[in-house]
Amino acid sequence: MRRITGEAKDETLIELHSVTDSHTGDGPAVLTVFRTNLHSDENGGNSVDSLSERTTLPGNTETEKLQQNKDTVFFRDGVRRVDFVLSYVEDKDGEKKQERRRAFEANLEKEGLELETEDKSDAKDQRTYFLKIHAPWNVLATYADVLKIKVPFKTSDVPHGQDVPLEWLSHPFRLPEHIMRPQPDYFTYPFDKTKTDFFLINDKDTFFPPSTRNRIVYYILARCPYYKEGLKERDKTGIKRLLSNGTYTAAFPLHDCRYWKRARNAECESERYNLYQHWARFLIFYKEQPLNLIRKYYGEKIGIYFAWLGFYTEMLFFAAVMGVICFTYGLLSYEENVSSKEICNADIGGSIVMCPLCDKKCPFWKLNSTCLSSWQSHLFDNEGTVFFAIFMGIWVTLFLEFWKRRQARLEYEWDLVDFEEEQQQLQMRPEFEIQCTNKRLNKITQEMEPYLPATSKCARFCLSTATVIFWVSLIVACIIGVIAYRLAVYAAFASIIKDPLRKIQLVGRFITPQLATSVTASCINFVIIMILNFFYERVAIWITDMEIPKTHLEYENRLTMKMFLFQFVNYYSSCFYVAFFKGKFVGSPGDYTYMFGRWSNLRNEECDPGGCLIELTTQLVIVMSGKQLWGNIQEALLPLMRNWWSSRKGRRHPENHYSRWEQDHALLNFTQLGLFYEYLEMVVQFGFITLFVASFPLAPLLALFNNILEIRVDAWKFTTQFKRPVASKARNIGAWQEILNAVAILSVVTNAFIMAFTSDMIPRMVFLYAYGENETMIGYVNNSLSMYKISQIHEDNMPEERDDWFGNSTTTCRYRDYRYPPGHNNEYSHTMQFWHILAAKMAFIIIMEHVVFVVKFLVAWMIPDVPTGVKARFKRERYLIQEYLHNYEVERLKLQLSASFITEPQSGMSLLTDKHEMVSECL
């Protein structure tokens, strides 16, 4: 593009030579002339109104036939690639925004970027302008040098690896080689503009891949000011601010083609099409992921996420298999469950009268009414559960250690070994530079840089901490409200289900008041969780912005910690209540414990005679499954509906009328925090399958099915529903690694306590080996229930309706505890068996934790974080790089000396001797 300026001050001609599509080859090139009117504004600047008037050269009348295909990623000349697109519309506040755009675009041109505008008359909505940006070689080379971007200088001769035995078994899961390795392996080195002949530059237009080009352009856009020359207004800087104030409506790099067919231009890579065909379709869920192609198209940061998600899903397969085995053991040992048989037996469970479970509304009841729930509890509360809890503690360690090895291999293959966080993640945020006006000397760089004063930092930190504490307290208050609901509604369910006049007897056989209360409370809790999530996400972003973190890495880490703390309390608090508090502080019939004191009449909940583990299972299944279902709806259906609504008119246009930038403009934005939410979703799921897995061995299986779907949904979403994100680098998964380590350690403790205090495993084992007849479980149910004299029950605890269904045949009722019966010298005090069981529980916790932790640390010590082969290949590569770079410098110095020797006049033997000595020293 060249500007032709005439004599008139207010007229400029922009002459563009456009070429025909390389595939059509029809007709001669068309020379299009655009007339641009420049008007002087009140400040003396020049403004570009529009590029609206178009004429063609004489002799070219068939413009429609020769019209260039608009589904392209090139400028009108068909040579320069579109590296970034900005869109804007004219509105009521048009003059101010137009002035900002003029200043911004002028500064972009000063940086060396080339611009081309698509008039609104060419847009499908007749109101949107598109500004296409191209970065020429000089700009790319300059900023590649600044950002220390690694580029190839020699083809790698390091082999990929050795052949694996029985590799043919994995062929059905493999993808074609050109998809798995879209480009050859090279030795790379940070780009140096002064050594362009050192690198493998065959074609300057294609040397930097599109992902690198859009990253460089975005770096410029984020730091380019939009104030006029001579006026320093620090807050008027960067594309983010222009997007927030509506000057531009969108800023995005282009996809290289439509996802359902290849690009017509052979120069386009059609990588989006390959990703859709070999990655984003659900029917190929069993195939491996093309991680190298993902990294090439989207950048290392997104590539690392999908590598981690894929590895996590692979490891879940082993946990799911073991969970199914434990669940199958529960099914097969169904008939050997002596405790459930005794409960269901009419002569044993049918003759045991239980004390009321709540005041006034709850009647006396027979033990065999809980027959079904006791059978259900046995499926998850059996001897295999202990083994599975220990296995999961070791599995977590193996997962984290093997991921470190996989991550180390990716760091080597993706040239991230020498990647310094300071180059990308630790670059100062433009928001920090704008808002922090104070400056001080950096002791390392010896340059003045902005900083946030300690007083301001302290005040912001205190406000942020207070906000987080308030929201966490709000969650706790909501959980207490749900607990109060459970206590209040239990009596209502008890009276409804047991009322013979109600026509729900068929349901009443299968649903106990405990189960009905647990299910409804879990559903209410899930709704509260989603509502609080909606508000807190915005609060967390606001307080993190308010803290003004200095770097991108610091911003992400702070937001990660705030969000995970909130999600941890929000999602897991109800499970913690059922696991460690429900049924533990009930009291006894003569001295019941109330939640807010006796005046509240909210008596603490009791567990079923089969234990509280089945209720924890119910809570876990509802919250975990509900979250996964809602997450998939949000990720799949909502983007699809939004994009359909926004592009429903444009889809009717033929391809040559619906340009590539318009197609991408209709897609959803992939925000800076888009990947953050993906990680958060998976880490919360990781907490469910580790912290409470002892209560539900099938949790890893549910997670496995969800993740198989999640990978393809995310792939489909990235490929078809989102604008192409700006490529960015990342060496690892960041702060999420430390969170996973913390959850892994906590999971050992929680599972040990679940097995000891929530499960009935320890009391059964103590009875079996210390109190049972001939080491059998016969008589366990009777042994685990204590007696209380009905006449001693306080009137407030007695049911309102005194039924005679137990026929006054007994003067005592039973309750879950180990206390002496009435008439004993230590009436209603704990028996020695209670203390034996408590000691066994504490011993089990200590032994299980120590065994698992010892195995964990032993496994972590035995498995090196970096594979030996990767270390050797990295050392080999570094040696070859140093050798090659040394030879290059020597050869360049020889050429320089030879050139100076030829051009300079002979000045005697002394000069010649000095040059020979210099060459000898270099060699």
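The structure this text deals with has already been given above.
Residues numbered from 1 in each chain as written. Predicted model: local features only at pLDDT ≥ 70, side-chain atom pairs only at ≥ 80, totals over all residues. Heavy atoms only, no water.

A. Spotlight on the overall build of the protein. Helix and strand counts for the protein stand at 28 helices and 19 strands. In the protein, buried positions account for 51% of the 923 residues. In the protein, the share of contacts with a sequence separation of at least 24, taken over all contacts with a separation of at least 6, comes to 75%. Entry remark: accessible area of the protein is about 44,500 Å², with carbon and sulfur atoms responsible for 59%. (Helix = DSSP H or I, 4+ residues; strand = E, 2+ residues; numbered from the N terminus. Buried < 20%, exposed > 50% of the residue type's maximum accessible area, 1.4 Å probe, protein only. Contact = heavy atoms within 4.5 Å. Areas by Shrake-Rupley, 256 points an atom, 1.4 Å probe, with all protein chains shown as cover.)

B. Up close: the packing of helix 8 (residues 271-280) against helix 9 (residues 291-298). The N-to-C vectors of helix 8 and helix 9 enclose an angle of 145°; their axes lie 11 Å apart at closest approach. Handedness of the crossing formed by helix 8 with helix 9: left-handed. Taken together, the residues of helix 9 that come into contact with helix 8 (itself represented by Glu 271, Arg 272, Asn 274, Leu 275 and Trp 279) are Leu 293, Ile 294, Lys 296, Tyr 297 and Tyr 298. Residues of the contact of helix 8 with helix 9, tallied by class, amount to six nonpolar, one polar and three charged. (Axes fitted to C-alpha atoms, helices over the stretch in contact; angles between N-to-C directions. Left-handed = near helix turned anticlockwise from the far one by under 90°. Nonpolar A, V, L, I, M, F, W, Y, C, P; charged D, E, K, R; others polar.)

C. Just the side chain of Asn 632, in detail. Note on placement: Asn 632 falls in helix 19 (residues 613-646). One polar contact links Asn 632 to Asn 706, side chain to side chain, over a distance of 3.3 Å. Apart from the residues within four sequence positions on either side, Asn 632 is in contact with Leu 637, Asn 706, Leu 709 and Glu 710. (Polar contact = N/O pair within 3.5 Å; in protein donor to acceptor, adjacent residues only side chain to side chain.)

D. Representation of unusual backbone geometry within the structure. One non-glycine residue, Lys 148, lies in positive phi territory at about 55°. Turning to its location among the elements, Lys 148 is positioned in the loop between helix 3 (137-146) and strand 9 (150-155).

E. Representation of the pattern of salt bridges. As enumerated under the stated definition, the model contains 35 salt bridges in all. The shortest N-O distance in the salt bridge between Arg 558 and Glu 554 comes to 2.5 Å. Here Arg 558 pairs with Glu 554, and both are found in helix 18 (residues 552-580), just four residues apart, close to one helical turn. Among the ionic pairs, Arg 660 bridges to Asp 664, the shortest N-O distance being 2.8 Å. (Salt bridge = Lys/Arg side-chain N within 4 Å of Asp/Glu carboxyl O.)

F. Helix 9, seen in detail. The buried fraction of helix 9 amounts to eight of the eight residues, a majority that puts the element mostly inside the structure. At its buried positions, helix 9 is contacted by helix 4 (177-180), helix 6 (210-223), helix 8, helix 10 (300-332), helix 13 (383-413) and helix 22 (699-721).

G. Representation of the packing of aromatic side chains. Under the counting rule described, the total for this entry stands at 68 aromatic pairs. Ring centres 5.8 Å apart and planes at 50° place the aromatic pair Phe 198 and Tyr 884 in the tilted group. Taken together, the residues span a long stretch of sequence, with Phe 198 in the loop between strand 10 (186-190) and helix 5 (204-207) and Tyr 884 in helix 27 (residues 868-903) at a distance of 686 residues. Ring centres of Phe 576 and Phe 580 lie 5.6 Å apart, and the angle between their planes is 45°; on these two criteria the pair is classed as tilted. Of this pair, Phe 576 and Phe 580 both sit in helix 18, four residues apart, which is roughly one turn of that helix. For the pair formed by Phe 576 and Phe 580, the shared burial category is buried. Arg 81 extends its terminal NZ or CZ atom over the ring of Phe 74, reaching a point 6.0 Å from the ring centre. (Phe/Tyr/Trp six-rings, centres within 6.5 Å; stacked < 30°, edge-to-face > 60°. Lys NZ or Arg CZ within 6 Å of the ring centre and 35° of its normal.)

H. Here's a closer look at the sheet that holds strand 11 (residues 250-252). The strand order across the open sheet built from four strands is 7-8-6-11, with neighbouring strands paired in antiparallel fashion. Either end of the sheet is taken by a strand with one partner, and the two such strands are strand 7 (114-118) and strand 11. Adjacent strand axes in the sheet meet at a mean angle of 20°, parallel and antiparallel pairs treated alike. Bridge count between strand 6 (residues 84-89) and strand 11: three bridges; the pairing is antiparallel. Paired with Leu 86 across the bridge in strand 11 is Ala 251. (Pairing = 2+ DSSP bridges.)

I. Inspection of the nonpolar core at higher detail. Counting residues in hydrophobic clusters, the biggest one holds 131 residues, and the most contacted among them are Trp 308, Tyr 312 and Trp 395. A per-element tally of this core places helix 10 first, with 16 residues. When near neighbours in sequence (up to four residues on either side) are disregarded, Trp 395 contacts Tyr 312, Met 315, Leu 316, Ala 319, Phe 686, Ile 689 and Thr 690. Counting residues in each nonpolar core, the second largest holds 44 residues, with Leu 86, Leu 147, Ile 149 and Leu 242 among its members. (Core = buried A, V, L, I, M, F, W, Y, C linked by side-chain atoms within 4.5 Å.)

J. Main features of the state of the cysteines. Overall, the coordinates contain three disulfides when judged by the stated rule. Shown here is the disulfide that connects Cys 358 with Cys 362, its sulfur atoms set 1.6 Å apart. An S-S torsion of about 95° defines the bridge between Cys 358 and Cys 362 as right-handed. Taking relative accessible area as the criterion, Cys 358 reaches 7% and is therefore assigned buried. With a relative accessible area of 2%, Cys 362 lands in the buried category. Left without a disulfide partner, Cys 458 is nearest to the cysteine sulfur of Cys 462, which lies 4.2 Å away. (Disulfide = S-S within 2.5 Å.)

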